[in-house]
Amino acid sequence: MGDEKIKKIMRDIKAIRIQGARNVAVAGAKILMMKAGQSGARSSRALLLELREVSKEVMGLRPTEPALRFGQELIILKAASRKDLGADELRKYIVQVCRDYIFETRKVLEKIALYGSRAIASGDVVMTHCHSHCVIEIFRAAKRQGKDFTVIVTETRPLYQGTITARELVREKVDVVYCIDSASAAVMAKATKVLVGADAITADGAIVNKIGTYQIAIEAKEYKVPFIVACGTHKYDSRTALGFPEPIEQRAVKEVADPRKIRGVKILNPAFDVTPKEYIHEIVTEIGVYSPETLVGILEAKARGAGD
Ligand code: RUB
């Protein structure tokens, strides 16, 4: 029964029914929590082995998700550091570590909402793409501060996450304009800002986000509209500083088109694209609002242990 629940969460992550980097990372932590809670392992060694196995599977579900990887690695690392405990104690310890991690991600989101809301002014027309919890929380905070603004939401083909964003903002009584992705250049002249989330920050200061983000960034630059990114520092992929490229998830072609209707054609379906630092005005994180260069300097120093 418990394993079935875990499998269901995994299927939901894979099918993007659970989506957005933060939610995916939290769902991954919940899987480890469930696995530990229900495991019948008699030794801490066996328990850790089970945890590592399921975690490997979880991390493979969405390849472009450093936050998911970071969360999984952190939980496993903490669990492994207490292998001196008996199986029952370790089980309880792991459940608590997962709870703490989930709580921490909530705190990160609240700080991003606070700092990011300062960039939103009454009268703004802000374009966003896809569905990002960081972005939604910023708009929610700005609205609660009494600011009146409009959000242009792009539909975000092929899975239409823009509809989630539109619905959530309407619930917050935000004025929403919805358009197809290919209308973004045509409506950019009306925008005063662009605000998007991110799945990854790379060592060269680029961000990786839902496919279509890069073209919006290019259009924003052309129209001199500030392009702002909101994301937690746990999305920094320090492996990119060692020369590993950020993997870009390639999804099933049937999400894009029915291959039987256009036979003989190679269909591409990359889930994400890379926006270089030159296009990014600033990145809003839980530790502050920085240019990509400054932020990466701080995060790289921290990753190498020099920042702590
Ligand atoms: C979602 C997406 C979001 C980032 C950030 O893609 O690209 O902008 O994940 O999300 P998908 P958050 O729908 O494929 O998961 O701010 O929620 O972490």
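Going by the structure above, here's the rest.
For every chain, the first residue of its written sequence is number 1, and the numbers climb from 1 along that sequence. Per-residue local features are limited, in this predicted model, to residues with pLDDT of at least 70; the limit for side-chain atom pairs, both in listing and counting, is 80 or more; totals at the level of whole chains, interfaces and linings are taken over all residues. The side-chain values count all of the structure's non-hydrogen atoms but skip hydrogen atoms and water molecules.

Caption draft 1: Spatial organisation of the site of the ligand. Close contacts around the ligand come from 18 residues, with Ser132, His133, Asp199, Asn209 and Lys235 the closest. We call two N or O atoms a polar contact when they sit within 3.5 Å, provided that within protein one can donate a hydrogen and the other can accept it, with sequence-adjacent residues counted only if both atoms are side-chain atoms. Interatomic distance of 2.8 Å between a side-chain N/O atom of arginine 62 and an oxygen atom of the ligand. Contacts to the ligand include aspartate 199, whose side-chain N or O atom sits 2.7 Å from an oxygen atom. Burial of the ligand by the surrounding chains reaches 100%, relative to a free accessible area of 460 Å². Secondary-structure elements contributing two or more residues to the shell around the ligand are α2 (21-38), α6 (133-144) and β6 (207-210). Three categories are distinguished: nonpolar for Ala, Val, Leu, Ile, Met, Phe, Trp, Tyr, Cys and Pro, charged for Asp, Glu, Lys and Arg, and polar for the others, with Gly belonging to the last. Considered class by class, the residues forming the shell around the ligand number six nonpolar, seven polar and five charged. For the shell around the ligand, the two domains that each supply at least three residues are domain 1 (2-109) and domain 2 (118-307). In these notes, residues near a molecule or strand are those with any non-hydrogen atom within 4 Å of it. Accessible areas in this description were obtained via Shrake-Rupley with a 1.4 Å probe; residue shielding takes into account the shown protein chains only. Per the convention used, a helix needs a DSSP run of H or I reaching at least four residues, while a strand needs a run of E reaching at least two, with both numbered from the N terminus. Throughout, the edges of the domains are those of an automatic or database domain assignment.

Caption draft 2: Examining the sheet that holds strand β1 (residues 125-128) more closely. Pairing is mixed across the open sheet formed by seven strands, whose spatial order is β3-β2-β1-β4-β7-β9-β10. The open sheet has two edge strands, β3 (175-179) and β10 (288-290), and neither has a second partner. Shown here is a sheet whose adjacent strand axes are inclined to one another by a mean of 25°, direction ignored. Judged from the three bridges that link them, strand β4 (residues 193-196) and strand β7 (residues 227-230) form a sheet pairing that is parallel. Bridging across to β7, leucine 195 finds its partner in isoleucine 228. By definition, residues are in contact when any of their heavy atoms lie within 4.5 Å. Helix axes are fitted only over the stretch in contact, all axes being lines through C-alpha atoms; the angle between N-to-C directions runs from 0 to 180 degrees. Most of the contacts of α6 go to β4, to which it runs at about 130°, and overall it touches β1, β2 (150-154), β4 and β7. Along the sheet face, helix α10 (residues 292-303) touches β9 (282-285) and β10 and points at about 120° away from the line of β10. Strand pairing is assigned whenever DSSP identifies at least 2 bridges connecting the two strands.

Caption draft 3: Structural view of the nonpolar core. If you look at the biggest cluster of nonpolar residues, it comprises 34 residues, and the most contacted ones within it are Met10, Ile13, Ile31, Leu32, Leu51, Ile75 and Ile94. Counting residues per element, the ones that place at least two in this core are α1 (2-14), α2, α3 (44-59), α4 (66-80) and α5 (87-117). The element that contributes the greatest number of residues to this core is α2, accounting for nine residues. With near-sequence residues (within four places) excluded, methionine 10 lies in contact with Ile31, Val54, Glu57, Val58 and Leu61. Among the buried residues, those of types Ala, Val, Leu, Ile, Met, Phe, Trp, Tyr and Cys that are joined through side-chain atoms within 4.5 Å form a nonpolar core. Remark: exposure states derive from per-residue accessible area (1.4 Å probe, protein chains only) relative to the maximum for the residue type, with buried under 20%, exposed over 50%, and partly exposed in between.

Caption draft 4: Layout of the side chain of lysine 193. Mapped onto the elements of the fold, lysine 193 is located in strand β4. From its side chain, lysine 193 meets the backbone oxygen of alanine 119 in a polar contact 2.7 Å long. Here lysine 193 is in contact with Ala119, Ala121, Asp124, Val125, Val126, Met127, Val225, Pro226 and Ile228, once residues within four sequence places are set aside.

Caption draft 5: Representation of the pattern of salt bridges. Any carboxyl oxygen of Asp or Glu within 4 Å of a side-chain nitrogen of Lys or Arg constitutes a salt bridge here. In this structure the tally under the stated criterion is 23 salt bridges. The residue arginine 251 makes a salt bridge to glutamate 249 at a minimum N-O spacing of 2.7 Å. In the salt-bridge network here, residues are joined through shared partners; they are Arg106, Lys107, Glu110, Glu137, Arg140, Arg144 and Glu172.

The analysis is restricted to geometry; functional conclusions fall outside its scope.
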